[in-house]
Amino acid sequence: MDDVLAQKLAPLRARIDAIDAEVFALLTERARTALAVGEVKQHVSGPVLRPEREAQVIRRLQDMNTGPLPGTAIAAIWGEIMSACRALEEPAKVAFLGPQGTYTEVAALAHFGHAVDTVPCINFDEVFRAVEAGRADFGMVALENSNEGAVNRVLDLLLTTSAKVLGERSVPVHHCLMTRSGTLDGVVRVRAHPQALAQCQSWLSEHRPDLIRESASSNAEAARMAAEDPTVAAIASEQAAGLWDLRIVAPHIQDDPHNRTRFLAIGHIEPAPSGKDKTSLILAVPNEAGAVYEMLKPLADNGVSMTRFESRPARTGQWEYYFYVDIEGHQQDAKVATALAVLKSRAAFFKVLGSYPVAP
Ligand SMILES: O=C(O)C(=O)C[C@]1(C(=O)O)C=C[C@@H](O)C=C1
């Protein structure tokens, strides 16, 4: 490094070292305070994780923020700080669709932070079972993709689960094509989760229509298979390539560059109102003319906005549907509570999946 540069860098780095020492002292003090909160909580009933409080901590700092750090960086940094503090109070286990390297794992760690024990599961059924049976405290499941729509199996599992929705997380999905060698020489098949194959179909049809497309239980599982077999390419995340020592043949091959997946965090806790919440419901109405309109009327009557509406056949063979509805607000908010009471009295089926903070 030339001398002039070194002379300019040295005082700036000394300043960063001094700031880090202050940040470190404050973080240590924060961790001790969180431990004190944990002790208080041991004497009152209730969970250690408080999603509403964590959302409020991040929103307050984002409101104070005038740059240069972007709001997403504030959320990521304080998400990890609170994860580490939470783990001091009580370690938590989080179930997700494994193996390591899936986008569900990415979403789980983004949501709960890295100071958790992870429980990789073979499919989403297992994630729900792990939470229901208490083998995991929380679970992360994929709900919908911006291109492919709902993950139907998860919609079905939500219908019967005893677990509650306690949070949401939207993650950008960048699919990469990968092999052992970093080329497609000798490769005859491409494996991925069916959703990923669908999200990359234009690229595959244009560049390598000859590859046999085969579905895998997850993209990370496809990466594991590609690591074992040089005739197999996988579509998976960059993280999966790193984990299985694969080379990327082509990055970002998804048809839509803005491809995102929304995940739900599940568990047995019910967040209190945070000031900016969402409530997820499942409803069904009798199979009659105007029934859906009548079902939704109490929301409009009470000024409650709907942010998502999805239908799923009830599989009775009679063209009846379950409706998956997200509304703005917490079920304890007065107008939401009034609307839900009317909805409940009119619906043939009514289930509140949970109220939770809108993703920071
Ligand atoms: O405020 C609390 O209840 C805490 O336990 C502290 C804390 C934090 O680190 O700020 C940690 C865990 C909770 O989920 C919420 C916040």
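Given the structure is predicted, the values throughout are model-derived calculations rather than measurements.

**A few points about the overall build of the protein chain**
Reasoning step 1: Scanning the protein chain from N- to C-terminus turns up 12 helices and 15 strands.
Reasoning step 2: Looking at the 360 residues of the protein chain, the share that counts as buried comes to 38%.
Reasoning step 3: Excluding contacts between residues fewer than 6 apart, the proportion of contacts in the protein chain whose partners are at least 24 apart in sequence is 74%.

**Thoughts on the site of the ligand**
Reasoning step 1: Neighbouring residues of the ligand: Ala34, Val37, Leu49, Arg50, Arg53, Glu54, Val57, Met82, Cys85, Arg86 and Glu89.
Reasoning step 2: Among the residues making up the shell around the ligand, the classes are represented as six nonpolar, no polar and five charged.

**Comments concerning the sheet that holds strand E15 (residues 349-357)**
Strand pairing within a sheet occurs via backbone hydrogen bonds; the two strands may be parallel or antiparallel.
Reasoning step 1: Spatially, the four strands line up as an open sheet ordered E13-E14-E12-E15, and their pairing is antiparallel. The two strands at the open ends of the sheet, each matched to only one other strand, are strand E13 (306-313) and E15. On average, each strand axis in the sheet is tilted by 15° relative to the strand beside it, whichever way the strands run.
Reasoning step 2: In this structure, E13 lies alongside strand E14 (residues 321-328), joined through seven bridges in antiparallel fashion. When the sheet's bridge partners are listed, Pro313 is paired in E14 with Tyr321.

**Re unusual backbone geometry**
Reasoning step 1: Backbone torsion omega between Gly67 and Pro68 reads 5°, so that peptide bond is classified as cis.
Reasoning step 2: Structurally, Pro68 can be placed in the loop between helix H2 (51-64) and helix H3 (71-89).
Reasoning step 3: Here the residue pair Gly98 and Pro99 is connected by a cis peptide bond, since its omega of 0° sits within 30 degrees of zero.
Reasoning step 4: Locating Pro99 in the fold gives a position in the loop between strand E1 (93-97) and helix H4 (103-112).
Reasoning step 5: A positive phi is found at Asp245, a non-glycine position, where the angle reads about 60°.
Reasoning step 6: As for its position among the elements, Asp245 is in the loop between helix H10 (238-243) and strand E10 (247-250).
Reasoning step 7: Positive phi outside glycine occurs at His252, with the angle close to 45°.
Reasoning step 8: By secondary structure assignment, the location of His252 is in the loop between E10 and strand E11 (260-267).

**Concerning the sheet that holds strand E8 (residues 212-215)**
Reasoning step 1: Spatially, the five strands line up as an open sheet ordered E8-E7-E9-E6-E10, and their pairing is mixed. Here the strands that pair on one side only, and so sit at the sheet edges, are E8 and E10. The mean angle between the axes of side-by-side strands here comes to 35°, regardless of whether they run parallel or antiparallel.
Reasoning step 2: Examined bridge by bridge, strand E6 (residues 176-179) and strand E9 (residues 232-236) share three bridges and lie antiparallel to one another. Opposite Cys176, over in E9, you have Ala236 as the bridge partner.
Reasoning step 3: Sheet strands in contact with helix H9 (residues 219-228) are E6, strand E7 (189-192) and E9, and its direction is about 155° off that of E9.

**Brief notes about the packing of helix H1 (residues 3-42) against H3**
Reasoning step 1: Where H1 contacts H3, the axes come no closer than 8 Å and their chain directions differ by 45°. By the criterion of interaxial angle, the relationship of H1 to H3 is oblique. Handedness of the crossing formed by H1 with H3: right-handed. Of the residues in H3, those touching H1 at Leu27, Arg30, Ala31, Ala34, Leu35, Val37, Gly38 and Lys41 are Ile81, Ala84, Cys85, Leu88 and Glu89.
Reasoning step 2: Classifying every residue of the contact of H1 with H3 gives nine nonpolar, one polar and three charged.

**Details of the nonpolar core**
Reasoning step 1: Ranked by size, the top nonpolar core spans 58 residues in total, and within it Val94, Ala95, Val127, Val131, Val141 and Ile266 carry the most contacts.
Reasoning step 2: Examining the composition of this core, we find that six residues originate from one element, H4, more than from any other.
Reasoning step 3: When residues of this core are sorted by domain, at least three fall in each of domain 2 (91-173 + 260-267) and domain 4 (277-357).
Reasoning step 4: With sequence-adjacent residues up to four places away left out, Val141 is seen in contact with Phe124, Val127, Val154, Phe263, Leu264 and Ile266.

**Regarding helix H6 (residues 152-160)**
Reasoning step 1: All buried positions along H6 are accounted for by Val154, Leu157 and Leu158. Along H6, the residues classed as buried sweep out an arc of 105° about the axis, all on the same side. Exposed positions of H6 whose direction lies more than 90 degrees from the buried face are Asn152 and Thr160.
Reasoning step 2: Among the structural elements, helix H5 (124-132), strand E3 (138-145), strand E12 (277-284) and E15 are those in contact with the buried residues of H6.

**Quick notes on the packing of H5 against H6**
Reasoning step 1: One can describe the packing of H5 onto H6 by two numbers: an axis separation of 9 Å at closest approach and a directional angle of 25°. Comparing their axes, H6 and H5 come out roughly parallel. Classified by chirality, the crossing of H6 by H5 is right-handed. Contacts from Phe124, Asp125 and Phe128 of H5 reach H6 at Arg153, Val154 and Leu157.
Reasoning step 2: Among the residues making up the contact of H5 with H6, the classes are represented as four nonpolar, no polar and two charged.

**Observations regarding the UniProt feature "site: Essential for prephenate dehydratase activity" (unreviewed entry) in the protein chain**
Reasoning step 1: With numbering aligned to this structure, UniProt lists the feature "site: Essential for prephenate dehydratase activity" (unreviewed entry) at Thr261.
Reasoning step 2: Relative to the helices and strands, Thr261 resides in strand E11.
Reasoning step 3: The class for Thr261 is buried, based on 23 C-beta atoms found within 10 Å.
Reasoning step 4: When near neighbours in sequence (up to four residues on either side) are disregarded, Thr261 contacts Tyr103, Ala142, Asn145, Val171 and Val173.

The rules behind each value
Counting from 1, residues in each chain are numbered in the order their sequence is written. The predicted nature of this model means local features are confined to residues of pLDDT at least 70 and side-chain atom pairs, given and counted, to a pLDDT of 80 or more, with totals for whole chains, interfaces and linings taken over all residues. For the purposes of this entry, the term helix denotes a DSSP run of H or I that reaches at least four residues, the term strand denotes a run of E that reaches at least two, and both are numbered from the N terminus. The burial criterion counts other C-beta atoms lying within 10 Å of a residue's C-beta, which is placed from the backbone; the residue is buried at 20 or more, exposed at 12 or fewer, and partly exposed between these limits. Any pair of residues counts as being in contact when their C-beta atoms, constructed from backbone geometry, are within 7 Å of one another. Nearness is defined per residue: the C-beta atom, placed using the backbone, must lie within 6 Å of the molecule or strand. We call Asp, Glu, Lys and Arg charged. Ala, Val, Leu, Ile, Met, Phe, Trp, Tyr, Cys and Pro are nonpolar, and the rest, Gly among them, are polar. When DSSP finds at least two bridges between two strands, those strands are taken to pair. Throughout, an axis means a line fitted to C-alpha atoms (over the contacting stretch in the case of helices), and angles, computed between N-to-C directions, take values from 0 to 180 degrees. Should an angle lie under 35 degrees it is considered roughly parallel, over 145 roughly antiparallel, and from 65 to 115 roughly perpendicular; all remaining angles are considered oblique. Each crossing is labelled by how the near helix is turned from the far one, with a counterclockwise turn of less than a right angle marking it left-handed and a clockwise turn marking it right-handed. Residues enter a nonpolar core if they are buried, belong to Ala, Val, Leu, Ile, Met, Phe, Trp, Tyr or Cys, and are joined to the set through C-beta atoms within 7 Å. Source of the domain bounds: an automatic or database domain assignment. What the arc covers is the set of directions going from the helix axis to the C-beta atoms. UniProt positions are given in the numbering used here, feature names are shortened, and annotations may be inferred rather than shown by experiment.

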